[in-house]
Amino acid sequence: MGLHIRFAAPVVQFDTYAREWREHYEQNAYALRDPIIAWGFSASGASRWSDLPVPDPFGILTEAAAFGLRYGVAVSAGPLKSRSIGGTARDDREFTDSEIEQISDIIGRLHELTEPPESLTKAQIEALRCIAAGDRHAAAAASLGITESAFKARLISVRERLNARTTAEALQKAKDYRLL
């Protein structure tokens, strides 16, 4: 599952398929040719793998079946500029409509919960840039012409905005979201 795929890379990615399949998938660069991903960028909603209306000229789904991933569901949520695409598979039977609805709801909720902010304030960006440059709080505050407590307040606000526990995590998220 890739959440909020922007600029060809997801903001958050989960991969719980078997190690053997993941390694095979990566060694063959299947992400560039995966019919599930192609469908996910061309449609939204859910589709059984057996019903995907896109071609699979490289036989990726056939190879997946050899690894026990015989029946699957693809789910695509969100706008094209920040699309989330997920897939789940099993080896014993097709997913029921009820199961597909549950999977779609889960991926939709994960998409909403991980929605990155569109922007940061100028003050928040300045504070993060000071931290990225290695400035200590007192030095950063002085360079911005504000008090140290005002600088710390900016860092608190950016952590809250980015749902980050630490300033380092906020800085990394801001970079990942391309807000800096």
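Before reading further, recall that the structure is shown in the block above.
An account of the accompanying structure is given in this report. Everything quoted here is computed from the prediction, not taken from an experiment.

### Topic: the nonpolar core
What tends to happen in soluble globular proteins is that the nonpolar side chains get buried as a cluster.
1) Next: Judged by nonpolar contacts, the single largest core of 15 residues is most densely connected at W21, I36, W49, L52, L69 and A74.
2) Next: Secondary structure elements with two or more residues in this core: α1 (19-27), α2 (35-42), α3 (60-66) and β5 (83-90).
3) Next: The element that contributes the greatest number of residues to this core is α3, accounting for three residues.
4) Next: Beyond its immediate sequence surroundings of up to four residues, I36 is in contact with W49, L52, L61, A74 and I85.
5) Next: Core analysis: the next-biggest nonpolar cluster, separate from the first, contains 12 residues, I125, V158, A164 and L171 among them.

### Quick notes on the packing of helix α5 (residues 122-132) against helix α6 (residues 137-144)
Each pair of packed helices can be described by the angle between their axes along with the distance between the axes.
1) Next: At a minimum axis distance of 10 Å, the contact between α5 and α6 shows a crossing angle of 130 degrees. One way to sum up the angle between α5 and α6 is to call them oblique. Crossing geometry of α5 relative to α6 is assigned as right-handed. Contact with α5, carried on its side by E126, A127, C130 and I131, involves H137, A140, S143 and L144 of α6 and no other residues of that element.
2) Next: The residue makeup of the contact of α5 with α6, split by class, is five nonpolar, two polar and one charged.

### So, the pairing of β5
1) Next: Along β5, six of the eight residues are buried, which leaves the element largely enclosed by surrounding structure.
2) Next: The pairing of strand β1 (residues 2-6) with β5 spans two bridges and is antiparallel. For I5, the partnering residue across the bridge sits in β5 and is R83.
3) Next: Relative to β5, strand β4 (residues 71-77) runs antiparallel, the two being bridged by seven bridges. Paired with A77 across the bridge in β5 is S84.

### Focus: the layout of surface pockets
1) Next: If you add up the space inside the largest pocket, you get close to 840 Å³.
2) Next: Looking at the largest pocket, it is lined by 31 residues, and the ones nearest its centre are M1, G2, Q13, Y25 and I37.
3) Next: Of all the secondary structure elements, the ones that give two or more residues to the lining of the largest pocket are β1, β2 (9-13), α1, α2, α3 and β5.
4) Next: In terms of residue class, the lining of the largest pocket is built from 21 nonpolar, six polar and four charged.
5) Next: Forming the boundary of the second largest pocket are 13 residues, of which T114, L162, N163, K173 and Y177 lie nearest the centre.
6) Next: Of all the secondary structure elements, the ones that give two or more residues to the lining of the second largest pocket are β2 and α8 (167-176).
7) Next: Residue composition of the lining of the second largest pocket, by class: seven nonpolar, two polar and four charged.

### Details of unusual backbone geometry
1) Next: Non-glycine residue A29 carries a positive phi angle of around 50 degrees.
2) Next: Inspection of the secondary structure assignment puts A29 in the loop between α1 and α2.
3) Next: Phi is positive for R178, close to 60 degrees, though the residue is something other than glycine.
4) Next: Mapped onto the secondary structure, R178 falls in the segment after α8.

### A few points about α8
1) Next: For α8, the full list of buried residues reads T167, E169, A170, L171, K173 and A174.
2) Next: Among the structural elements, α5 and α7 (148-161) are those in contact with the buried residues of α8.
3) Next: Where α8 terminates, the next one or two residues include R178, which has phi positive at roughly 60 degrees.

Rules of the game
Residues numbered from 1 in each chain as written. Predicted model: local features only at pLDDT ≥ 70, side-chain atom pairs only at ≥ 80, totals over all residues. Heavy atoms only, no water. Core = buried A, V, L, I, M, F, W, Y, C linked by side-chain atoms within 4.5 Å. Buried < 20%, exposed > 50% of the residue type's maximum accessible area, 1.4 Å probe, protein only. Helix = DSSP H or I, 4+ residues; strand = E, 2+ residues; numbered from the N terminus. Contact = heavy atoms within 4.5 Å. Axes fitted to C-alpha atoms, helices over the stretch in contact; angles between N-to-C directions. Parallel < 35°, antiparallel > 145°, perpendicular 65-115°, else oblique. Left-handed = near helix turned anticlockwise from the far one by under 90°. Nonpolar A, V, L, I, M, F, W, Y, C, P; charged D, E, K, R; others polar. Pairing = 2+ DSSP bridges. 1 Å grid on protein atoms, 1.4 Å probe; cavity = no way out; pocket = protein on both sides within 12 Å on 5 of 7 lines; lining within 4 Å. Points joined across faces, edges and corners; volume = space filled by probe spheres on them.

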